[in-house]
Amino acid sequence: MSGAEYGQPQLFIGGEWIGSKDRSGEDVLNPANGEALAELPHATTQDVDRAAMAASEAFDGWRRTPALARARIIRKAADLLRERTERIALSLTLEQGKPLAQSRIEVMAAAEILDWCADEGRRTYGRIVPASVPGHQWSVLRQPVGPVAAFTPWNFPLIIPARKIGSALAVGCTMVMKPAEETPVSVNEIARAFEDAGLPSGVLNIVHGIPGEVSEQLINHPVIRKITFTGSTAVGAQLAAMAAKAGVKRCTMELGGHAPVLVCEDADVDLAVKTMMQAKFRNAGQICIAPTRFFVHDRVHDSFADSFTKATQALVTADGMDPKSEMGPLAHDRRVPAVETLVHEAVDQGAKLATGGERIGNAGYFFQPTVLTDVPDAARIMNEEPFGPVATITRVASLDDAITQANRLPFGLASYAFTGSTHTAARLSDEVEAGMLGINNTFISMPETPFGGVKQSGYGSEGGIEGMDPYLVTKTVSVS
Ligand code: NAD
C-alpha cells in the first residue's frame, strides 16, 4: 500500500474536514521503514478555538438527544468500523507498525467498546432518596459534565479513543480530541464512521498538532469542562496541574504502569509462558498493561526462564504487513534508543542477557524481543516502564517476597499472577496494589470491566459501568 492509499490526515471541526492548506505540519512516518506516509496538518490556534466552540455549541442539542437516539448513532458507527475493517487495519499497521492481524483485532475491539458504551449510556439512572424531612422529594440526577478535551496516544489509536469517545458521547457530552501525531488516520477513521452514522456536527471534533501547544490551549479554554488523558505519568501530572489552575477542571488520567507477574511455586508454567508471551510482545510491548517484571518462585524459576527465553527466540519480528510477522517495529524513532539504553544499563549493572538486546537493522525501528535475568533492583529498567519488548525475570524465595517486589514501585496499573491455589489467589486479590489483576489469564481490559490505575498510574476508570462516571456530574434536587 502506498502513502497515497494510506490517506491524508485531516482536522475535523464542526463537521468540516480540513486539510493542510496554509498550515504548518509534519510527516507521518511508517515505522517499518521510516518513510513518509503523509503530511499531518497542525491545527492553528484559531482551529483549536473553533473546535472547542463547536463542541460547546453542539452540547445543548446532544445532551437533550434521547439516550436511545445517541446509542443508535454510536452503534451505527461501530457497525461501520466493522465493515471497514480491512481498510482501517491497513492504515493502522502502516502508521503504527503492529502486525496486520493485531490491527484487525483492534478494529473489532474498538467496535465492541462502542457497542458497550451505547448500551450502557441508556442505563445512566439517577435515584430517588427517601426524604427524612416530611413533605419533600429528594432525587439525585446524573448529567453530562459538558465539552471534553481528550488526548490519546499512539499505541492503541483505535481502542483508546473508542473508550473515551464512546463513553462521553453515550451520556451526552461533546468532545475535542487530540490524537497522537504518529497515528492520526486511525482516529480520523473513527470520526468518519461517526459522521457517516449521522452524528450531528460539532459533537466530535479532531485537532492534530503539537501536543504541548494544543493541550495548553484546550485545557485553558473556558468552554472545556473535563480533561481525559492516556499517556505517561510525567505528561499526565503536567496536564492535571494545568487543569487545576484552569478552573479545577475534572480529569481522568490513564498513566504508565510497570506490570508485575507473580509466578508462584504451584503455577502451571506452560500456561504462564504461553499467556505471558502474547501479553508481553503484543504491540512490541508498547502497552501500559504489558507484563514486564516477572517474579518467579525458586522452585519453577529455571523451567519458566528457559521456556520463556526459547519462546522469545522463536518470535518472528518483521514488518507488520508481512503475514508471518508476530511482532512489528517500535512505533517511532525515539523508542529505539529509549529501550536500548535501559537494556544496556541493566547489563552494565550485572544483569544477564538471556536473549535479544539490540536494534535490528537500520531501516525502520525494529528491536529484538529481549529477556533479562538477574537484574538488580536498582537498575532503571526495574523502576521505569520500558514500554518495549523487554521482560525481566527475577528469582524469589516466597510469595511474600513476590508481593513485596510487585508493590515496590509507585505505579499500580496491571498485574498478573499464576497459581493453582485459591487461597493464594484470594491473598493476591487483597494485597497486590494495582487497578487490575489477572490470575491465570489476561482478561483485564474488556469493555464490561473498569480499566484504570492506582498510585502514579492515575485515577478514574474507563470501561464497565464505572467508565461512564467521569463524564457525569451529580445533582441533588430537593422539592417541597
Ligand atoms: P511522549 O511523552 O513524547 O508522548 C506520549 C503521548 O503523550 C503522545 O501521544 C503525545 O502526543 C502525548 N503528549 C506528550 N506531551 C503532551 C502534552 N504536553 N499534552 C498532551 N499530550 C502530550 O512519549 P513517547 O516517547 O511517545 O512515549 C514514551 C512514554 O509514554 C512511554 O514510555 C509510556 O510511558 C508513555 N505512553 C503511555 C501510553 C499508555 O497507554 N499509557 C501510551 C503511549 C505512551
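Residues numbered from 1 in each chain as written. Predicted model: local features only at pLDDT ≥ 70, side-chain atom pairs only at ≥ 80, totals over all residues. Heavy atoms only, no water.

The chain has the name Aldehyde dehydrogenase in an unreviewed UniProt entry, where Sagittula stellata is given as its organism. In its Sequence similarities (unreviewed entry) section, the UniProt record describing the chain reads: "Belongs to the aldehyde dehydrogenase family." (UniProt positions renumbered as here; feature names shortened; annotations may be inferred.)

Visitor: Account for the overall build of the chain, naming residues and giving values.
Guide: From N to C terminus, the chain includes 14 helices and 24 strands. The C-alpha radius of gyration computed for the chain amounts to 23 Å, which stays within 12% of the reference 23 Å derived for 480 residues, consistent with globular compactness. For the chain, the spread of C-alpha atoms along the three principal axes comes to 70 × 65 × 40 Å. The buried share of the chain, taken over its 480 residues, is 56%. Carbon and sulfur atoms form 52% of the exposed surface of the chain, whose accessible area is close to 18800 Å². (Helix = DSSP H or I, 4+ residues; strand = E, 2+ residues; numbered from the N terminus. Rg over C-alpha atoms; globule rule 2.2 N^0.38 Å. Buried < 20%, exposed > 50% of the residue type's maximum accessible area, 1.4 Å probe, protein only. Areas by Shrake-Rupley, 256 points an atom, 1.4 Å probe, with all protein chains shown as cover.)

Visitor: Now, about the state of the cysteines: what can you tell me, with residues and values included?
Guide: Taken as a whole and assessed by the stated rule, the structure comprises 0 disulfides. Cys251 carries a free sulfur, and the closest cysteine sulfur to it, the one in Cys173, is 14 Å from it. Among the cysteines around Cys288, which has no disulfide bond, Cys117 carries the closest sulfur, lying 17 Å off. Classification of Cys288 as buried rests on a relative accessible area of 14%. (Disulfide = S-S within 2.5 Å.)

Visitor: Just give me the short version of the environment of Ala180, but keep the residues and values in it.
Guide: As for its position among the elements, Ala180 is in the loop between strand 8 (175-178) and helix 7 (184-196). Each C-alpha atom of the pair Ala180 and Ala101 lies 22 Å from the other, and the pair is 79 residues apart in sequence. Not counting the four nearest positions on each side in its chain, Ala180 is found in contact with Thr152, Pro153 and Trp154. (Contact = heavy atoms within 4.5 Å.)

Visitor: Run through the packing of helix 8 (residues 211-220) against helix 9 (residues 233-245), naming residues and quoting values.
Guide: At a minimum axis separation of 9 Å, helix 8 and helix 9 run at an interaxial angle of 30°. Between helix 8 and helix 9, the interaxial angle falls into the category roughly parallel. Read as a crossing pair, helix 8 and helix 9 show a hand that is right-handed. Residues Ser215, Glu216, Ile219 and Asn220 of helix 8 form the contact with helix 9, whose participating residues are Leu239, Met242 and Ala243. Taken together, the residues of the contact of helix 8 with helix 9 break down into 4 nonpolar, 2 polar and 1 charged. (Axes fitted to C-alpha atoms, helices over the stretch in contact; angles between N-to-C directions. Parallel < 35°, antiparallel > 145°, perpendicular 65-115°, else oblique. Left-handed = near helix turned anticlockwise from the far one by under 90°. Nonpolar A, V, L, I, M, F, W, Y, C, P; charged D, E, K, R; others polar.)

Visitor: An account of the pairing of strand 10 (residues 226-230) is requested, with residue identities and associated values reported.
Guide: For strand 10, a buried count of 5 out of 5 residues is recorded, marking the element as mostly surrounded by other parts of the structure. Relative to strand 10, strand 7 (residues 148-151) runs parallel, the two sharing 4 bridges. What sits directly across from Val148, in strand 10, is Lys226. Both strand 10 and strand 11 (residues 250-254) contribute to a ladder of 5 bridges, which runs parallel. Bridge pairing in strand 11 places Thr228 opposite Thr252. Handedness of the crossover joining strand 10 and strand 11 through helix 9: right-handed. (Pairing = 2+ DSSP bridges. Right-handed = clockwise from strand over helix to strand, strands pointing away.)

Visitor: Before we move on, can you summarise the nonpolar core with the specific residues and values?
Guide: Of all hydrophobic cores here, the largest spans 114 residues; its most connected members are Leu169, Phe194, Ile289, Phe304 and Phe308. Looking at this core element by element, the count peaks at 9 residues for helix 5 (residues 100-121). Counting 24 residues, the second-largest nonpolar core is a separate cluster that includes Leu11, Val176, Met253 and Leu255. (Core = buried A, V, L, I, M, F, W, Y, C linked by side-chain atoms within 4.5 Å.)

Visitor: Talk me through the site of the ligand; I want residue IDs and the actual numbers.
Guide: In the region of the ligand, 24 residues are neighbours, and Trp154, Glu181, Ser215, His332 and Glu385 sit closest. Take Pro211: an N or O atom from its main chain is 3.4 Å from a nitrogen atom of the ligand. With respect to the ligand, the backbone of Gly231 contributes an N or O atom lying 3.5 Å from a nitrogen atom. Coverage of the ligand by the protein chains reaches 86% of its 800 Å² of free accessible surface. Counting residues per element, the ones that place at least two in the shell around the ligand are helix 8, strand 10 and helix 9. Partitioned by chemical class, the residues of the shell around the ligand number 10 nonpolar, 8 polar and 6 charged. (Near = heavy atom within 4 Å. Polar contact = N/O pair within 3.5 Å; in protein donor to acceptor, adjacent residues only side chain to side chain.)

Visitor: Lay out the pairing of strand 13 (residues 291-297) in plain terms, naming residues and giving numbers.
Guide: Across the 7 residues of strand 13, 7 count as buried, placing the element largely inside the fold. Relative to strand 13, strand 12 (residues 259-263) runs parallel, the two being bridged by 5 bridges. The residue bridging Leu262 from the neighbouring strand is Phe295, located in strand 13. Each parallel crossover has a hand, and the one from strand 12 via helix 10 (residues 269-281) to strand 13 is right-handed.

Visitor: I'd love a proper account of the confidence of the model for the chain, names of residues and values included.
Guide: Overall, the predicted model of the chain reaches an average pLDDT of 97, with 99% of residues at or above 70. Mean pLDDT per element in the chain: helix 1 (residues 3-6) is the minimum at 68, and strand 9 (residues 204-206) is the maximum at 99. Across the assembled chains, the prediction reports ipTM 0.94 with pTM 0.97. (pLDDT = per-residue confidence, 0-100.)

Visitor: Account for the environment of Gln238, with residues named and values stated.
Guide: Checked against the element boundaries, Gln238 lands in helix 9. The class of Gln238 is exposed, set by a relative accessible area of 53%. Along the backbone, Gln238 and Glu216 are 22 residues apart, and their C-alpha atoms lie at a distance of 9.9 Å.

Visitor: How would you sum up the environment of Thr404? Please name residues and give values.
Guide: Mapped onto the fold, Thr404 is located in helix 13 (residues 399-406). For the pair Thr404 and Glu433, spaced 29 residues apart in sequence, the C-alpha separation works out to 10.0 Å. There is a polar contact of 2.9 Å between the side chain of Thr404 and the backbone oxygen of Asp400.

Visitor: Can you explain helix 13? Please cite residues and give values.
Guide: Restricting attention to buried positions, one finds in helix 13 the residues Ala402, Ile403, Gln405 and Ala406. For helix 13, the buried positions fall inside an angular range of 160° around the axis, keeping them on one side. (Arc of directions from axis to C-beta.)

Visitor: I'd love a proper account of the side chain of Lys164, names of residues and values included.
Guide: Looking at the element boundaries, Lys164 is found in helix 6 (residues 159-170). At 2.9 Å, the side chain of Lys164 forms a polar contact with the side chain of Glu462.

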